[in-house]
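# Coordinate inspection notes
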Amino acid sequence: MIPALRVSGLRVAYGSIVAVDSIDLEVREGEIYGLLGPNGAGKTSALSAIEGLLRPAAGDIVIGDVDARAHPLQAKAQLGVQLQTTSFHSSLTLVEIVRLYAGLYGVTLTSAQIRELLGQINLQKEASKRFRELSGGQQQRFSLLIATIHDPALVLLDEPTAGLDPQARRQLWDRIERFRKEGRSILLTTHSMEEAQAVCDRVAIMDHGKILTVGTPAALIAAHRDDPQVRQAAHGPVTLEDVFIALTGRELRD
Amino acid sequence: MRTSLSLVLTFALPLILLVATGLGKNSAALGGTEFRISLALTVGLVSIGTVGYSLAIARDRDTGVFQRLRVTPAPTWTIMVSRWIVQLGAVLVMAIVVLVVAALFVGVTLPPQDYLFTVLVALLGSAVFLSIGQAIVGLIASADTLNAAGRLLYVPLIGLSLFGDTDRLGTTVELVSRWSPGGCLETLLSAAMGATPWSGQLWGALFASFGYTVVFAVIGIRWFRWVSH
C-alpha cells in the first residue's frame, strides 16, 4: 500500500540556522500521525516544506504517488492544509470564500451544496458573514472545511486546537476522527500531549530539527517507562507527556 | 472605516481636486483644464496604485491570506496578478468617473479617440504607481510601518506632479517635477487629451514611465516576502 506521505532526508535551513535536520517520516493511509515537539523544534518548518511554502535544502517529499518537489501544484491538489494562523479575504463572505477555494481546487459547488456544507459545521446562519466576524471555534471549523473542500487524501493540521475552548476542541477532534473513518490520513502538530495520546495512531517527538523517536503512544510509553528521566518527570502512571519532557528537557523554549 | 477612507482617497479626492483647482484666481498658472483632469487622475492613480495596493498587500500578508492561497494548487504568480487586475479595474473605473465628471460639471469634452488615449495612459500610469506600491511592500515588512510610509509618500508623489509646467518654485523644482513619475504621467495625459502635440519630451516621458515601472517592479518583486515575519 502506498503511504499517504513519505518524507526522507528533509532538511530546511534559514541561512546558517538548520530548522529541520534530515528527518524521515511516513504517514500511512487512514492514520492520524502527530508531530510533537517544543517551540522551535522544527515542526512548523517541516510542515511548511511539505505544504510547499518553504523550499527545502535537501530531501524528498512524496504525497501519495506524487513527487512534491518535482510537481508542487499536483502535490498541493492532493493536500488539505490548515495553517497555524489562517485568514481569508476580509471583503468576502463565507459563501464567497467557499466558492473561491472550491474553484481553486477545481471543485464546482452549487449554492445549495455550499449551504449544506456550512450546515454540517453549524455555520449556515453565518453564511453571509465575514470570516473575521466568527468566533475562534467557528473560524477553526470553517478553516477545516476549506482545508477539506476538495476531499483530500492527506490533511495537514498545524496546531489545530490552539486557543480553542474545551467544547470547540472536542468538536474538532470529533471531526478529525470522522476524517480518519472516511479513510483520510492526517498529519498534525500539537502541544497537547493528552490529545496526542488519545487520538494519534503514531507520534514522532521532534527537537532541534531532528526526530528523536517514533511510535504509537502506548509503545513510546512502554519503551521509555523505566528511563530514570521519565520516572523523574512522572507524577503517577507514565504518560506521553512524561516521555516528551524526558526526551526534550524541562527548560522553557521561546 | 478603512474601506470608506480608501473610497474617499480613490474617488472623492480626485473629483474634489478636479472641481477645486478651477476655483482659485491663480489656478491657471499651474496648467489649463487638461492639467486639472490629469492632476485628478494622478491623485486617483497614486491612491489606488501606491497607497491602496501596498496597504492591501501588507494587510493580507500580515493576516496570512497569502499563505492560505499558496497552499492551494493555484500557481503563485496568479495570486499577485489577480491583485493587479483588480487594481487595474479600479483605475479604469476611476478614470471613467473623472472623465465623466469633467464632461458634465467642468465642461471638458474630448474627441472619442482622446478619451481612449487618456484611459490607456491612465492604465500605463497605474503600472508605474503599482510598481512603486510593489517596491514599498517589498522593502517594508510591517503593515503599520508601510501604512505610515505610504501616507508620507503620497504627498511628494502628488506634490511633484504639480509643478512640471511652472517655474514658480524655480527651474530645478520644475525639472525634477517634470521627470518625476507623476510629472511624466501629467505630460502623457496632457498629450493624450490633445493639449500638447507629440514631441521628444513625450517620448522621454513615455520611456521614463516604462523605466520607473521596470525598476520599481524589479525591486518590489526581488525583495517581496509572502510573510511579514
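The model shown is predicted, which means the values in this text are computed figures rather than measured ones.

### Quick look at the overall build of chain A
Each helix and strand counted, chain A has ten helices and ten strands in total. In terms of overall dimensions, chain A is globule-like: its C-alpha atoms have a radius of gyration of 19 Å, near the 18 Å expected for 254 residues. Taken over the C-alpha atoms alone, chain A extends approximately 60 × 40 × 35 Å along its principal axes. Contacts spanning at least 24 positions in sequence make up 65% of the contacts within chain A whose residues lie at least 6 apart.

### As for the sheet that holds strand S10 (residues 210-215) of chain A
Residue and element names in this part refer to chain A. If you walk across this open sheet you meet the six strands as S6-S7-S8-S3-S9-S10, and the pairing is mixed. Lying at the two open borders of the sheet, with one neighbouring strand each, are strand S6 (79-82) and S10. Direction aside, neighbouring strands of the sheet carry axes that sit 15° apart on average. The pairing of strand S3 (residues 32-36) with strand S8 (residues 185-189) spans four bridges and is parallel. Within the sheet, the bridge partner assigned to Gly34 lies in S8 and is Leu188. Its contacts with the sheet put helix H5 (residues 136-147) on S6 and strand S7 (154-158), and the angle it makes with S6 is roughly 160°.

### Side note on the environment of Ala205 of chain B
Of note, Ala205 of chain B is situated in helix H9 (residues 200-222). Sequence separation of Ala205 of chain B and Glu186 of chain B is 19 residues, and the distance between their C-alpha atoms is 9.1 Å.

### Quick notes on the pairing of strand S1 (residues 5-14) of chain A
All names here are of chain A. By the bridge criterion, seven bridges tie S1 to strand S2 (residues 17-27) in an arrangement that is antiparallel. Within S2, the residue paired with Val7 across the bridge is Leu25. By the bridge criterion, five bridges tie S1 to strand S4 (residues 58-63) in an arrangement that is antiparallel. Looking at S4, one finds that Ser8 is bridged to Asp60.

### Some details on the sheet that holds S1 of chain A
Residue and element names in this part refer to chain A. Here we have four strands laid out as an open sheet, ordered S2-S1-S4-S5, and antiparallel in their pairing. The outermost strands of the open sheet, each flanked by one partner alone, are S2 and strand S5 (66-67). Together, S1, S2 and S4 form the strand contacts of helix H1 (residues 43-51), whose direction differs from that of S1 by roughly 115°.

### Some remarks on the interface of chain A and chain B
Each partner contributes residues to the interface: chain A has 16 residues there, and chain B has eleven residues. At the level of secondary structure, the elements contributing two or more residues to the side of chain A that touches chain B comprise helix H2 (72-77) and helix H3 (94-104) of chain A. For the side of chain A that touches chain B, the element with the highest residue contribution is H2 of chain A, accounting for three residues. Across the side of chain A that touches chain B, the residue classes tally to nine nonpolar, five polar and two charged.

### Digging into the confidence of the model for chain B
Predicted coordinates in regions of low pLDDT should not be interpreted in detail. Looking at chain B as a whole, its pLDDT mean stands at 85, while 88% of the residues score no less than 70. Model confidence for the complex: the whole-complex pTM is 0.86, and ipTM, which rates the interface, is 0.89.

The rules behind each value
All chains use their own residue numbering, which begins from 1 and follows the written sequence. Chain letters start at A and ligand numbers start at 1, both assigned in the order the entries are written. Whole-chain, interface and lining totals are the exception, using all residues; otherwise, since this is a predicted model, local features are given only for residues with pLDDT of at least 70 and side-chain atom pairs are given and counted only at 80 or more. Helix numbers and strand numbers start at the N terminus; a helix is a DSSP run of H or I with at least 4 residues, a strand a run of E with at least 2. Radius of gyration means the value over C-alpha atoms here, while the globule rule gives 2.2 Å times the residue count to the 0.38 power. Note on contacts: residues are paired as contacts if their backbone-placed C-beta atoms lie within 7 Å. In this scheme, strands are said to pair when DSSP sees at least two bridges between them. Axis lines are fitted through C-alpha atoms, for helices just across the contact stretch, and the angle between N-to-C directions can take any value from 0 to 180 degrees. Residues are grouped as follows: Ala, Val, Leu, Ile, Met, Phe, Trp, Tyr, Cys and Pro are nonpolar; Asp, Glu, Lys and Arg are charged; all remaining types, including Gly, are polar. Known as pLDDT, the predictor's per-residue confidence is scaled from 0 to 100.

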